[in-house]
Amino acid sequence: MLQKSNYKHSLKALSVYFLLSYAFLYFAYKYFAPDIACVDFFNYYPLYKDFDVQSVGSPFNTRLLNPLFVFVFNKLGIYYNTYTSFQNPDINQSVFFNALLVSYLAVVFTALVIYLTCYNYFKNKLFSFFVGLFYLMGGGTLVFCINPATDAFSVLLLALIFKSYTEKSKWIYLLLLLAVFQREYIFMVISLIAIIDFWFDRKNLKNYLSVVLAAVICFGIYMILRSTILYTPAHPEQLEYSQYISRLLFPKINFSEYIRQGLFTQNILFTYLFVIMYKLAKKQTVVKKNISIIGMLILQINFICLIALLGNNIGRIFYMTTPIILYYLAIEVYPIYSKYQFNQGNTSLASKNES
C-alpha cells in the first residue's frame, strides 16, 4: 500500500505528528475519567484485561481488533506508573494506560494515513501534512478518540479502507474483513460512497459493485456472528427490525440534546461547509459529487441512530467519517491554496526584479 519512495517522507511526517501530539496521551492518562466521559471502557475492560469474550455483552463483544492490541500491549508489560485522577480498585491501571496508548497510536497513524491519501492525490507534501494535522488537532479527535474506548481504532481502519478505495487497491477486501471484528458502521459508510460514486461515474461499475458487494457480505458475516457465536441478550433493541419504522416516525429522543451533540462537535464538517459556501459565493467550481456523499452520510447516520436507539451518540459515531470529510475538504481547498502559492511566488519574483 505504501511505495518505497514514500517511506522517508512518511516517517518524517509521522515523527512530527508524534512530536506535536504526545502530550495528549500524557494529559489523557493523568486526568481522563472514564466513569464520567467514557463509560464504554468498562464494557471493554474484560476484553482488554483477559480477552474474555464471554464476559462482554453485544455489540462490544464483536469489536475485538482494538481490544486485542490492548491485551497484547498489556501482556508485554507496557506501563507508565504514575498517579492519575482515575482511581478504581477494580480496574488494573496498566490496562487503562494501554487502552489509552492504543487509541493515541491509532490517532497518530490516522493522521499519517490522511497525509498519504492526500499526497497520493495532490503530490504536495506540505499541503497533505497540514490536512493530517487538521485531524490530529480536531476537537472530536481529542474528545472521541483519545480515550480508552475503540473509536480511534475504528477511524484508523476506515481511513485505511477509504485510502484503498481511492487508490482502487485490492487491500480493501482484507481491510473490510477485519472491520467485521471492529465496527459495523464502516460497511455502511463505504457502501454509500461507492453507490454515489457509481451514480456519478457509470464507467467503473465493476469496481464500485465489487466494493459494495464485499461490504454487504462482511456486514452479513457480522450479523451472523452477532446472532449466533457472539450472541448475548444485551442491547436487543438494536436487532428489533419490526420496530424500525415506528422509531423513525415517532423518535424517542430529546431533540435539543440530539442536535447539540450531533452538530457542536463537528468543527471539521463545518469547515468543509464554510469552504463550500465561500466558493459558491465567489462563483468557483465545487465538486457536487462529494457534497452529495457528505449529505447522504449525514442522512445515513441520523437514520441509523434513530432506528437503533443510539441516543445522543450521533456526533461521536459520525466523527468516524472525518478522514473522508478531510479528503473532500482538501479537494476543495487545494485550488485556493495553489493560487495563493502561485501569487506569492510572483510577488517574490517581482520584488527581486525591482531590487
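Here goes a summary of the coordinates provided. Given the structure is predicted, the values throughout are model-derived calculations rather than measurements.

**Thoughts on the packing of aromatic side chains**
On inspection of all chains with the given rule, the structure shows 39 aromatic pairs. When the centroid spacing of 5.4 Å and the interplanar angle of 80 degrees are considered together, the rings of Y26 and F27 count as edge-to-face. With a centroid separation of 5.3 Å and an interplanar angle of 90 degrees, the aromatic rings of Y44 and F60 are classed as edge-to-face. You can see Y44 sitting in helix 3 (residues 40–50) and its partner F60 sitting in the loop between helix 3 and helix 4 (65–75), a full 16 residues away along the chain.

**Overview of the side chain of K279**
Along the polypeptide, K279 turns up in helix 14 (residues 267–281). Looking at K279, its side chain comes within polar contact range of the main-chain oxygen of T285, at 3.1 Å. Those residues in contact with K279 that sit more than four places away from it in its chain are Q284, T285, V286, E332, P335 and I336.

**Some details on the packing of helix 9 (residues 171–179) against helix 11 (residues 205–227)**
Remark: helix 9 packs on helix 11, axes separated minimally by 9 Å, with the N-to-C direction vectors making an angle of 20 degrees. By the angle class used here, helix 9 and helix 11 are roughly parallel. For the element pair helix 9 and helix 11, the recorded crossing hand is right-handed. Where helix 9 abuts helix 11, its residues I172, Y173, L176 and L177 lie against S210, V211, A214, A215, C218 and I221. Its residues placed into classes, the contact of helix 9 with helix 11 shows nine nonpolar, one polar and no charged.

**A few points about the environment of A308**
Its location among the elements puts A308 in the loop between helix 15 (288–307) and helix 16 (314–318). Owing to a relative accessible area of 10%, A308 belongs among the buried residues under this scheme. Distance in space between the C-alpha atoms of A308 and L239 is 7.6 Å, their sequence separation being 69 residues. Residues in contact with A308, not counting those within four places in the same chain, are E237, Q238 and R247.

**Let's talk about empty space enclosed by the protein**
Following the criterion strictly, the structure yields one cavity of 30 Å³ or more and no others. In terms of lining residues, the largest cavity is bounded by R247, F250, P251, K252, I253, C305, L306, L309 and G311. Tallied by class, the residues present in the lining of the largest cavity amount to six nonpolar, one polar and two charged.

**So, the pattern of salt bridges**
Considering all chains together, one arrives at eight salt bridges under this definition. The shortest N-O distance in the salt bridge between E184 and R63 comes to 3.2 Å. Remark: R63 occurs in the loop between helix 3 and helix 4 and E184 occurs in the loop between helix 9 and helix 10 (185–200); sequence separation between them is 121 residues. The exposure classification of E184 matches that of R63, with both residues buried. R316 is the salt-bridge partner of D151, the closest N and O atoms lying 2.8 Å from each other. Taken together, the residues D151 in helix 8 (residues 151–166) and R316 in helix 16 connect sequence positions 165 residues apart. The burial state of D151 is the same as that of R316; both residues are buried. When salt bridges with common partners are traced through the structure, they connect D151, R183 and R316 into a single cluster.

**As for helix 11**
Under the 1.5 Å per step criterion, the end-to-end length of helix 11 is 32 Å for 23 residues, consistent within 8% with the ideal 33 Å. N207, Y208, V211, V212, A214, A215, C218, Y222, M223, L225 and R226 are the residues of helix 11 that are buried. Buried residues along helix 11 sit against helix 8, helix 9 and helix 10.

Here is what the cut-offs are and how they apply
- Residues numbered from 1 in each chain as written.
- Predicted model: local features only at pLDDT ≥ 70, side-chain atom pairs only at ≥ 80, totals over all residues.
- Heavy atoms only, no water.
- Phe/Tyr/Trp six-rings, centres within 6.5 Å; stacked < 30°, edge-to-face > 60°.
- Helix = DSSP H or I, 4+ residues; strand = E, 2+ residues; numbered from the N terminus.
- Polar contact = N/O pair within 3.5 Å; in protein donor to acceptor, adjacent residues only side chain to side chain.
- Contact = heavy atoms within 4.5 Å.
- Axes fitted to C-alpha atoms, helices over the stretch in contact; angles between N-to-C directions.
- Parallel < 35°, antiparallel > 145°, perpendicular 65-115°, else oblique.
- Left-handed = near helix turned anticlockwise from the far one by under 90°.
- Nonpolar A, V, L, I, M, F, W, Y, C, P; charged D, E, K, R; others polar.
- Buried < 20%, exposed > 50% of the residue type's maximum accessible area, 1.4 Å probe, protein only.
- 1 Å grid on protein atoms, 1.4 Å probe; cavity = no way out; pocket = protein on both sides within 12 Å on 5 of 7 lines; lining within 4 Å.
- Points joined across faces, edges and corners; volume = space filled by probe spheres on them.
- Salt bridge = Lys/Arg side-chain N within 4 Å of Asp/Glu carboxyl O.
- Expected span 1.5 Å × (residues − 1).

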